[in-house]
Protein chains: 2
Amino acid sequence: MYSECVSTSERLIESTRELLWERGYVGTSPKAILERAGAGQGSMYHHFKGKPDLALTAIRRTAEELRATAEAVLAGPGTPYERIEAYLLRERDVLRGCPVGRLTMDPDVIASPELRAPVDETIAAVRERIAGVVEEGKRLGQFAPELDGAEIAAAVLATVQGGYVLARAAGSPAAFDAGVRGLLALLSPRTPGVSDQPA
Amino acid sequence: MYSECVSTSERLIESTRELLWERGYVGTSPKAILERAGAGQGSMYHHFKGKPDLALTAIRRTAEELRATAEAVLAGPGTPYERIEAYLLRERDVLRGCPVGRLTMDPDVIASPELRAPVDETIAAVRERIAGVVEEGKRLGQFAPELDGAEIAAAVLATVQGGYVLARAAGSPAAFDAGVRGLLALLSPRTPGVSDQPA
């Protein structure tokens, strides 16, 4: 009995996560959640206070996963440039977009301080992490000293989030990849003296 | 009689444009459009084949406006770098996001080749225009010859589109501005020889 109870609540959370990613908060009805979860009419209100409460649980879980994935690459092996490269090139389901970023286009999420909080915190945390890697790269002479870590981090994160927009518009991941390659070319550590060599 | 008829159709289009920007396609009901337009029940079907047809007209108009705005800056005065800078820094209602880009997060827009077409065409056209400016800057020696115009253009456009995501998550335009400054710092024309001068 207990385990069945846990499992219904789990199914509700996972179904909500999928639907939020596919259709957003505004486009996800309680009915659609129940149908996907194969759960009965009253089960949402048995386990959660309602759609906002269930959505908050789902968003928090998705946000934690995203943060852990980013941390794994950014704390991984390699130079600062290589870690930012790994973050930008990590395997993504580009045409599905970012399950956290897409929520910012959802008017009801943005209008709710509670629902927006995990989105804001996650994006801010990843940005701060990338800013730290850039500062590390500056100390190692890999990035120009005049670059601002927080600004470069915002550009890195924006390129990913905007890359999804470009890819979804075109119906192909190619535009995402192009944006990432463009940013990496700009970020690429300068090899002093090379341009001074005669051709 | 005729002018009243034109005006109802205009009100329907303009109301749809506003609602698509605020709430997206999925979040915009025919009822909400009629209410905002102050139009009667049957008027949508009198002027349009239905919500998709009205939305297509609205999206096309918004897309044309966006393209014209981008063209005005990118074809404006200044060096290639200055024109890309002007494009990135042009006045924007950052927290409202991009009325065209936000549609890519709309599952029903992406699922419809007809509704996606103006979104795709507009983003592709602006990207091509920026790529041309980058190539021009390469010829003038303002950008490094190894940079790929199409890739840099994708990074520029992605920084703008992703900047909206960052800003809306944070509830403040600051993150958008930071990303733009970060990209501009990376794009900034190199002044050959300066780094070789003794301090």
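Owing to the predicted nature of the structure, the values given are computational and were not obtained by experimental measurement.

1. A short note on the relation of the copies chain B and chain A
Point 1. Note on the copies: chain B fits chain A at an RMSD of 0.0 Å, the axial shift is 0.0 Å, and the rotation between them is 180°. When the rotation and shift are considered jointly, the pair of chain copies conforms to a two-fold rotation axis. The position closest to the rotation axis in chain B is occupied by the C-alpha of Gly162(B), lying 1.9 Å away.
Point 2. Interface overlap between copies: 100% of the residues of chain B at the interface are likewise at the interface in chain A, consistent with a symmetric, same-surface contact.

2. Description of the packing of helix 4 (residues 51–74) of chain A against helix 5 (residues 80–89) of chain A
All names here are of chain A.
Point 1. Their axes nearest at 8 Å, the elements helix 4 and helix 5 cross at an angle of 145°. In this structure, helix 4 contributes Ala70, Val73 and Leu74 to the contact, and helix 5 contributes Arg83, Ala86 and Tyr87.
Point 2. Considering only residue class, the contact of helix 4 with helix 5 consists of five nonpolar, no polar and one charged.

3. Some details on the UniProt feature "DNA-binding region" (unreviewed entry) in chain A
Point 1. Residues given the UniProt feature "DNA-binding region" (unreviewed entry) here are residues 29–48 of chain A.
Point 2. Summarising residues 29–48 of chain A: 65% helix, 0% strand, and an end-to-end C-alpha distance of 15 Å.

4. Remarks on the state of the cysteines
Point 1. Scanning the entire structure with this criterion turns up zero disulfides over all chains.
Point 2. Of the cysteine sulfurs around Cys98(A), a residue in no disulfide, the closest is that of Cys98(B), at 18 Å.
Point 3. We classify Cys98(A) as buried; its relative accessible area is 5%.

5. What to know about the interface of chain B and chain A
Point 1. Taken together, the contact pairs 46 residues of chain B with 46 residues of chain A.
Point 2. Here chain B and chain A share an interface that buries about 3,900 Å² over both sides, 67% of which is from carbon and sulfur atoms.
Point 3. Inspection of the region where chain B meets chain A yields four salt bridges.
Point 4. Arg181(A) serves as the salt-bridge partner of Glu151(B), at 2.7 Å between the closest nitrogen and oxygen.
Point 5. Along the contact surface separating chain B from chain A lie 11 residue pairs in polar contact (both at pLDDT 80 or more).
Point 6. Only helix 1 (2–23), helix 6 (107–110), helix 7 (113–139), helix 8 (149–170) and helix 9 (174–187) of chain B provide two or more residues apiece to the side of chain B that touches chain A.
Point 7. Partitioned by chemical class, the residues of the side of chain B that touches chain A number 23 nonpolar, 10 polar and 13 charged.

What counts, and where the lines are drawn
- Residues numbered from 1 in each chain as written.
- Chains lettered and ligands numbered in written order.
- Predicted model: local features only at pLDDT ≥ 70, side-chain atom pairs only at ≥ 80, totals over all residues.
- Heavy atoms only, no water.
- Least-squares fit on C-alpha atoms with pLDDT ≥ 70 in both.
- Contact = heavy atoms within 4.5 Å.
- Axes fitted to C-alpha atoms, helices over the stretch in contact; angles between N-to-C directions.
- Helix = DSSP H or I, 4+ residues; strand = E, 2+ residues; numbered from the N terminus.
- Nonpolar A, V, L, I, M, F, W, Y, C, P; charged D, E, K, R; others polar.
- UniProt positions renumbered as here; feature names shortened; annotations may be inferred.
- Disulfide = S-S within 2.5 Å.
- Buried < 20%, exposed > 50% of the residue type's maximum accessible area, 1.4 Å probe, protein only.
- Buried area = accessible area lost by both parts, 1.4 Å probe.
- Salt bridge = Lys/Arg side-chain N within 4 Å of Asp/Glu carboxyl O.
- Polar contact = N/O pair within 3.5 Å; in protein donor to acceptor, adjacent residues only side chain to side chain.

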